[in-house]
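Working through the structure, step by step
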Amino acid sequence: MPFPGSQKSNTVSFAYFLHSNISWLRVLGFAMLVVPLQDLFRNGSGLQKVACVLVILLYGFIYYLFNFRFLAEKIFYQPKQKTFATALKDTTNKNKIIIGLVINNQAKAFPVELIGYHHQVRDSIAGQPIMVTYCTVCHSGRIYSPIVNGKVEKFRLVGMDHYNAMFEDATTKSWWLQATGEAVTGKLKGQKLIEIPSAQMRLGEWLALYPESSVLQPDSNFKKQYADLKGFDEGTIKGKLERRDSLSWKLKSWVIGIDLKTQSKAYDWNGLVQQSMITDSLAGIPVLLTIEPNAKTFYVLNRKLNGQVLQFIATKEKGLMEDVQTHSSWKMNGICIGGPQKGRYLDRMQAYQEFWHSWKHFHPKTLTNQN
């Protein structure tokens, strides 16, 4: 777990060294103290002996805290009861934000305020194992394949690096970052987990797109922990590390990040809410960012359709837009509902809503749409 200042420095290699060699370092430390302690208890005064005992007890208490009580996996537990409900039986508030995925026409949704506490939820879809992750301090959600070197791997939460959740695999004990899926230290350093495409949006919009989707249900064993994340979706949570800065381009401002490997870019969330859509081109791909009138669900769309790059304008009716070329009517999710293009749709692109401090750290060469 982080010490003051450790999250702003590149200390993970040193931390990993201490973690990997802590037993030998303790043995060495105790060996160096044996002779002085023997001398103190033979020749020291009563006050010195009492003081020494108190120091030993204090060390024992600190040892307990850092080796048992404050272990990340002892603070953030995995679900004990993992259940899903169909859209018809689900009682989750439809305004809740979810991370969803679709594989082979099977869809699942994971409410952020649930996985935000657990940090990772292991599951499967269409016969494929998945690892759904979320870091509330970075406001970052990712879904990965937990297969490492041909084996379904187990991971445990071990702490944070640059405020991002970090996992340790059971086989090699390497440490992996949640935001990138990359092993940053250990035997597998430099290796990356395969990311599975996902989308973040309001549950209501997700179920409109995928009415057959199942939705992860709260585990009754963690009611208090889930309640502690109340307001996270809106950014109004009480926790200082997780609360949103409503101004633009502050460390904890929301941005929409797009990473196309050869080029990445961050877009101001407030600007998108005000404009309802942003047209751009990134790495040669014409993109369109849109947001629903509820200011919660966003989409990043490829504007190229059948070889033609479309231009869009907003309409008087909220939640709709029009392409300049054919004057067809489109929903903000890229589905055309009227005009010559009716029935067609724009491809959605992978994008993330994230704190600015997280996006710029893990994408140091990122562009921005700042004026």
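Preceding block: the structure.
The model shown is predicted, which means the values in this text are computed figures rather than measured ones. (Residues numbered from 1 in each chain as written. Predicted model: local features only at pLDDT ≥ 70, side-chain atom pairs only at ≥ 80, totals over all residues. Heavy atoms only, no water.)

This paragraph deals with the sheet that holds strand E11 (residues 175–177). In any sheet, the strands associate via hydrogen bonds between backbone groups, in a parallel or an antiparallel arrangement. Strand order in the open sheet formed by four strands is E9-E10-E11-E12, with antiparallel pairing between adjacent strands. Each end of this open sheet is capped by a strand with a single partner; those strands are strand E9 (155–161) and strand E12 (183–185). Direction aside, neighbouring strands of the sheet carry axes that sit 40 degrees apart on average. (Pairing = 2+ DSSP bridges. Helix = DSSP H or I, 4+ residues; strand = E, 2+ residues; numbered from the N terminus. Axes fitted to C-alpha atoms, helices over the stretch in contact; angles between N-to-C directions.)

Now for the packing of aromatic side chains. Within the structure shown, the criterion is met by 15 aromatic pairs. Ring geometry for tyrosine 117 against tyrosine 226: centres 6.3 Å apart, planes inclined by 80 degrees, an arrangement best described as edge-to-face. Here the residue tyrosine 117 occupies a position in helix H4 (residues 112–118), and tyrosine 226 occupies one in helix H6 (residues 223–227), the gap between them amounting to 109 residues. Through a chain of ring-to-ring contacts, the aromatic side chains of Phe76, Tyr117, Phe222 and Tyr226 assemble into a single cluster. The side chain of arginine 142 reaches across the aromatic face of tyrosine 352, ending 3.8 Å from its centre. A cation over an aromatic ring shows up here: arginine 244 above the ring of tryptophan 254, its NZ or CZ 4.2 Å from the ring centre. (Phe/Tyr/Trp six-rings, centres within 6.5 Å; stacked < 30°, edge-to-face > 60°. Lys NZ or Arg CZ within 6 Å of the ring centre and 35° of its normal.)

Our next topic: the environment of lysine 154. You can see lysine 154 is positioned in the loop between strand E8 (151–152) and E9. For lysine 154, a relative accessible area of 62% gives the class exposed. Residues lysine 154 and glutamate 168 lie 14 residues apart in sequence; the distance between their C-alpha atoms is 8.3 Å. Setting aside chain neighbours within four positions, we find lysine 154 in contact with Arg122, Glu168, Asp169 and Ala170. (Buried < 20%, exposed > 50% of the residue type's maximum accessible area, 1.4 Å probe, protein only. Contact = heavy atoms within 4.5 Å.)

What follows deals with helix H1 (residues 12–43). Counted at 1.5 Å a residue, the expected span for H1 with its 32 residues is 46 Å, and the 43 Å between its end C-alpha atoms agrees. Maximal helix bending in H1 amounts to about 70 degrees, located at asparagine 21. (Expected span 1.5 Å × (residues − 1). Bend = angle between axes of the 7 residues up to and from the residue.)

Attention now moves to the pairing of strand E5 (residues 128–135). With six of eight residues buried, E5 lies mostly within the body of the structure. Looking at chain direction, strand E4 (residues 120–125) and E5 are connected through six bridges and run antiparallel. Considered in E5, the bridge of arginine 122 is made with methionine 131. What sits between E4 and E5 in their antiparallel hairpin is a turn of two residues, with alanine 126 showing a positive phi close to 50 degrees. Where E5 lies against strand E6 (residues 140–144), five bridges are found, and the strand directions are antiparallel. For cysteine 135, the partnering residue across the bridge sits in E6 and is serine 140. The hairpin formed by E5 and E6 contains four residues between the paired strands, and histidine 139 there has a positive phi angle of roughly 60 degrees.

Under the definition given, this model contains 10 salt bridges. A salt bridge links glutamate 168 to arginine 156; the nearest nitrogen and oxygen atoms lie 2.9 Å apart. You can see glutamate 168 sitting in strand E10 (residues 164–169) and its partner arginine 156 sitting in strand E9, a full 12 residues away along the chain. Here glutamate 168 falls in the buried class, since its relative accessible area comes to 4%. The exposure class of arginine 156 is partly exposed, given its relative accessible area of 24%. Salt-bridge contacts for lysine 224 lead to aspartate 228; the nearest nitrogen and oxygen are separated by 3.3 Å. We classify lysine 224 as exposed; its relative accessible area is 60%. Relative accessible area serves as the criterion here: at 48%, aspartate 228 is assigned to the partly exposed category. (Salt bridge = Lys/Arg side-chain N within 4 Å of Asp/Glu carboxyl O.)

Below, the discussion takes up the side chain of glutamate 153. Note on placement: glutamate 153 falls in the loop between E8 and E9. Despite its burial, glutamate 153 pairs with no opposite charge, the nearest such side chain being lysine 151 at 4.5 Å. A distance of 2.7 Å separates a polar atom in the side chain of glutamate 153 from a polar atom in the side chain of threonine 171. Once residues within four sequence positions are removed from consideration, glutamate 153 is found in contact with Arg122, Pro146, Val148, Asp169, Ala170 and Thr171. (Lys, Arg positive; Asp, Glu negative; His and termini not counted. Polar contact = N/O pair within 3.5 Å; in protein donor to acceptor, adjacent residues only side chain to side chain.)

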